[in-house]
Every structure is written in structure tokens, then in C-alpha cells.
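Spelled out from the first residue to the last, the chains are:
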Amino acid sequence: MVDRVRRLSSSEALALWRKADTTELKARARAVRNRFHSPKTATYTIMRIVNFTNVCVAQCDYCAFYVLPGHPGGYVLGLDEIFSRIDELLSLGGDLLGFNGGFNPDLTLDFYCDTFREIRRRYGEWIEFYALTVAEFLYLADRARLTYDECARRLRDAGVLWITGGGAEILTEDFRLRHSRLKYSVEEFFEAQRALIRNGLRTTATMVIGFDESLEERIEHLERIRDFQDEVGGALYSFLVWTYKPLHTALGGREISDEEYLRHVALCRAFLDNIRHIRVSVLTRNETALRALDYGADDFDLPIEDEVTEKAGAVIEKDLESLLSRVRKLGYSPVYRRTPRCPRSQDCDSSSEGSARTVSRKGVGVE
Ligand code: SF4
């Protein structure tokens, strides 16, 4: 049996995956979860992902969302459409936006900065938003011919606070060569994330599993994230793992099983002993994701929209009350979590424990 207190090495993680039964994996994960969180509480947000544009030149073979420049069906959302989606989210009681789009060569850094500035001006503290993924940030910096530091400062000055660690998928050079040659190397990914942190922006870590990655590649990804978190002194706010959806993609294939996802969440929690929040993906696993609270996760999003995963087969469960009752049935008290606005501080991790949120079939309201 593996010692549940000492940090896991990569070879121990491999052995745990191959040899440990689910009971042992869960116990190991819960031991780490309990260092950070009350055992019977889970935090959540209500959010939507707004896909600015589906025009993209990266051509990742696991993506069913993009169209190439000049092809029919390409779009760029206008500000009015973005505002209307934010207004709808607010009316449902949510307050977190995740902006996400393709590598669109027609959209400049100024376009993004103007958009974010306008959103901040109009909504102030009522919402928080993930402005870009690290992968999109890399593309924007390159297009603008700016260093990562300069690009980060420009976005920060436009009111951006968060750029998530999206676009990571599997952080090994081999994986990127196999599936997304134009989506930046692992070294570039972390170099950009260092620049974001240096310039006072907040960021997260992510992972997607279920392509054709090997177990060794999964562990390498986790090791890189854990090493990076040590290096940046705990600046990564959370780690989110979701699963590949194969419908309409060039890569194709089949989805992994619920059991494999849950065991993987447990392995992540056990291995990433320096990241406070392990978030799970209702977006790609629906109710199964909530069962991951028993596998060491502590946080989940209730999303109402994401075209990227919906185009690849995700069906978003919008009955928020039903999802929250499922959490309660599992024995957890769900507590709404507002996305922190203070740079780098874990102390401003604000959960609205005192304030009740009411949920109806239509949505959620704050009392
Ligand atoms: S995953 Fe993102 S970067 Fe890759 S093709 Fe799709 S939209 Fe473009």
C-alpha cells in the first residue's frame, strides 16, 4: 500500500493506477482533499462559455468546432450578442463567463482588449470572466508581435484578470505533434503562463483525457503541472480535468468510461498535492462528474452553454436544481463560489456560504 501522506512519485502514481483498487485510490485522494477542504462541502459556480469566434487556423484533429478562414459558417460574435448572453446568465443567477474561440487571424489584440474593456465597464463587479485560454493568449501575442509580458500587460490594462490554462489537453511534446502541431509546444505554454503570473494575472491548470494518450503521458502531464505549481509558489488556482468528445472530429474514436474518468480524478487529486481545488466537468460527463466528489474533487461548474463540446457530442444538463439535489444526495452541501478577484491570493477565495441561492427549473437566484 502507498503511504497516503508522502508526495507520490510518478512511478508510484503509475503503480497506483495499475494495481490499486478503486477503494484505495479514493482513500488516497480523499486524504489529500481533506488537507484543503471540509469533507462534506463542495463548491460550484453557474457559468457559460461564450465562443467569440469559430474561425481557427490551428486544425487540431480532436476539434469539431472550428472552420478555416473564408469557409462558410464562420462567425465572430458582436458585442450586443455577448451582452445578451451575459444578461441571460445573470438572470439565471450565474456570474462567471469563460470566453473561448479559435485562432482567428482577423481578430487583433486591440479587438480583444476593446471587448474586454467594454465588458468590464458595463458589468463591473457583477460578473467575472476568463478572458482567454493560455493557447489563445500565445496566438494573440504572436500575431501582435509582442513578448508574452507585453501582451499580458495590455490585457491586464484592459481589465482582464483571468486567463485559464485551457488549450493544455495533454502537455507532452509528442502528443502535440500528433494532434495539434500549430498549438504551441509545452515549453511555450509554460513560458506564457509564467509571464501571466509575473504580470499579476490569475491562471489555472487543465487537462483533457480520452484521446489516444498513454498512461505515461497522463502522468507526465500531471508531473509538469505539479512541478510548475511548485515553481510559481502555488499561483495555479485550480485544476480541471474533462474528457474528449469524439463526435464529428477528424480523430474520431470512443469516449472513455465513467469509471476511468472517476479513477483518473482520484489519481489527479492524490498526485497534485499542491493545488487547492480539483474541479470536475459536468460539461462533458453530466451527473457522473458529480460522483467525482467522492473521488477527491471539491468543485464543479454548472455550465449553460459551450459550443465547442456541444458540437463534439456534449449534451448540457440545464436542470440546475436536479444537479444540485444529486450533490446533496451524495452527502455534500453545495456552496456557491464566486470567482476570486484578488491577484494571487487564495484568501479571497470567496464562497457565498451565508447567502442562499434559490434554484428553480428556470434557474437560480440570489436571495
Ligand atoms: S481546439 Fe481550439 S485551437 Fe484547436 S482547432 Fe479547435 S478551436 Fe482551434
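Attention here is on the structure that accompanies the text. Throughout, a residue's number is its position along its own chain's written sequence, starting from 1. Local features in this predicted model are restricted to residues of pLDDT 70 or higher, and side-chain atom pairs are both shown and tallied only at a pLDDT of 80 or more, whereas totals for entire chains, interfaces and linings draw on every residue. Side-chain metrics in this entry use all non-hydrogen atoms of the structure; hydrogen atoms and water are not considered.

1. Quick look at the nonpolar core
In step 1: Among buried residues, the Ala, Val, Leu, Ile, Met, Phe, Trp, Tyr and Cys ones that are joined through side-chain atoms within 4.5 Å form a nonpolar core. Partly exposed residues are those whose accessible area sits between 20% and 50% of the maximum for their type, while under 20% is buried and over 50% is exposed, using a 1.4 Å probe and protein chains only. By size, the foremost hydrophobic cluster in this structure holds 110 residues, and its most contacted members are Phe99, Phe116, Leu155, Phe239 and Phe300.
In step 2: The element contributing the most residues to this core is helix 10 (residues 258-271), with eight residues.
In step 3: Here Phe300 is in contact with Ala42, Thr43, Tyr44, Thr45, Val280, Val282, Leu290, Leu293, Leu324 and Val327, once residues within four sequence places are set aside.
In step 4: Ranked by size, the runner-up nonpolar core spans nine residues in total, among them Met47, Trp162, Tyr237 and Leu283. Strands are runs of DSSP state E lasting at least 2 residues, helices are runs of H or I lasting at least 4, and numbering of each runs from the N terminus. It only takes one pair of heavy atoms within 4.5 Å for two residues to be counted as in contact.

2. Digging into the pairing of strand 6 (residues 236-243)
In step 1: Of all eight residues that make up strand 6, seven are buried, and the element is covered over most of its length.
In step 2: Pairing geometry for strand 5 (residues 203-209) and strand 6, over six bridges, is parallel. Note that in strand 6 the partner of Thr206 across the bridge is Leu240.
In step 3: Considered for its hand, the β-α-β crossover made up of strand 5, helix 9 (residues 215-231) and strand 6 is right-handed.
In step 4: Judged from the four bridges that link them, strand 6 and strand 7 (residues 277-280) form a sheet pairing that is parallel. Within strand 7, the residue paired with Leu240 across the bridge is Arg279.
In step 5: When the strands point away from the viewer, a crossover counts as right-handed if the path from the first strand over the helix to the second runs clockwise. With helix 10 bridging strand 6 and its parallel neighbour strand 7, the resulting β-α-β unit is right-handed. In short, DSSP must find at least two bridges between two strands for them to pair.

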